[in-house]
Amino acid sequence: MKNKFIQFLVVGAMALSLTSCFENPSWTYDMAPVVEFKNPRTGFATQPTNNVSNGAAQRTVRQLLKRDSILVQLVGAQRPEATTLGYVIDAAKSTAVENINYRILESKGSVTIPANSSSAYIKFEILEGIPTTVAATQNYPLVLTLTGNDQIKPSENYKTFTLNIRR
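Criteria and thresholds
- Residues numbered from 1 in each chain as written.
- Predicted model: local features only at pLDDT ≥ 70, side-chain atom pairs only at ≥ 80, totals over all residues.
- Heavy atoms only, no water.
- Salt bridge = Lys/Arg side-chain N within 4 Å of Asp/Glu carboxyl O.
- Helix = DSSP H or I, 4+ residues; strand = E, 2+ residues; numbered from the N terminus.
- Buried < 20%, exposed > 50% of the residue type's maximum accessible area, 1.4 Å probe, protein only.
- Pairing = 2+ DSSP bridges.

Looking at this structure, I do not really get the pattern of salt bridges. What am I missing?
If charged atoms from side chains of opposite charge come close, those side chains can pair. All chains considered together, the criterion is met by six salt bridges. For the salt bridge of lysine 66 with glutamate 128, the shortest nitrogen-to-oxygen distance reads 2.1 Å. Note that lysine 66 is positioned in the loop between strand 2 (58-62) and strand 3 (67-75) and glutamate 128 in the loop between strand 7 (119-126) and strand 8 (140-148), a separation of 62 residues in sequence. According to the relative accessible area criterion, glutamate 128 is exposed, its value standing at 55%.

Is there a simple way to explain the pairing of strand 3 in this structure?
For a regular strand, side chains alternate in direction, first toward one face of the sheet and then toward the other. Burial of strand 3 is extensive: seven of the nine residues sit out of reach of the surface. Summarising the sheet, strand 1 (residues 34-38) and strand 3 pair through five bridges and their orientation is antiparallel. What sits directly across from lysine 38, in strand 3, is leucine 71. Note that strand 3 and strand 7 share seven bridges and pair antiparallel. Looking at the pairing, arginine 67 lines up with glutamate 125 of strand 7.

Even after reading the chapter, I still don't get the sheet that holds strand 7, so can you show me in this structure?
Whether parallel or antiparallel, the strands of a sheet pair through hydrogen bonds between backbone atoms. Strand order across the open sheet formed by five strands is 5-7-3-1-9, with mixed pairing between neighbours. The open sheet has two edge strands, strand 5 (102-104) and strand 9 (153-154), and neither has a second partner. Across three bridges, strand 5 lies against strand 7 in antiparallel orientation. Its bridge partner lying in strand 7, isoleucine 104 is registered against phenylalanine 124.

What follows is the structure in structure tokens.
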């Protein structure tokens, strides 16, 4: 028993001495700041019930939801001044029509992250423009792409977000 205790102490001392050889990882983001879309509803299907899934770059909602928003997130140090970023609606990929299926509630084409903050929302109203004759599983996608600004570019992996609107 005494032998096993001594072996345990020796192995423990060796394990502790080896930890000093490893660097302490830095969890501080030290690259150029980027901006990206973030879906805070990822992983759970709140709207609609026949939704397959909500992902990091897409969400499906019913037109009866009335209002929704998409989170725009700054990855990097917060800025002491408000930061205005651009986005465009991809007309080639979107079948949702402005003022029929949706209406942007604030300034169209730009979103402003307040000073000393990391995020802002693109807010919009969902209109009841899909006829009742359309299948409840038919999507009307609204595809947004971040363009950023002169100092902050969009993240290549998360610069596009698709909001699928259903009846």
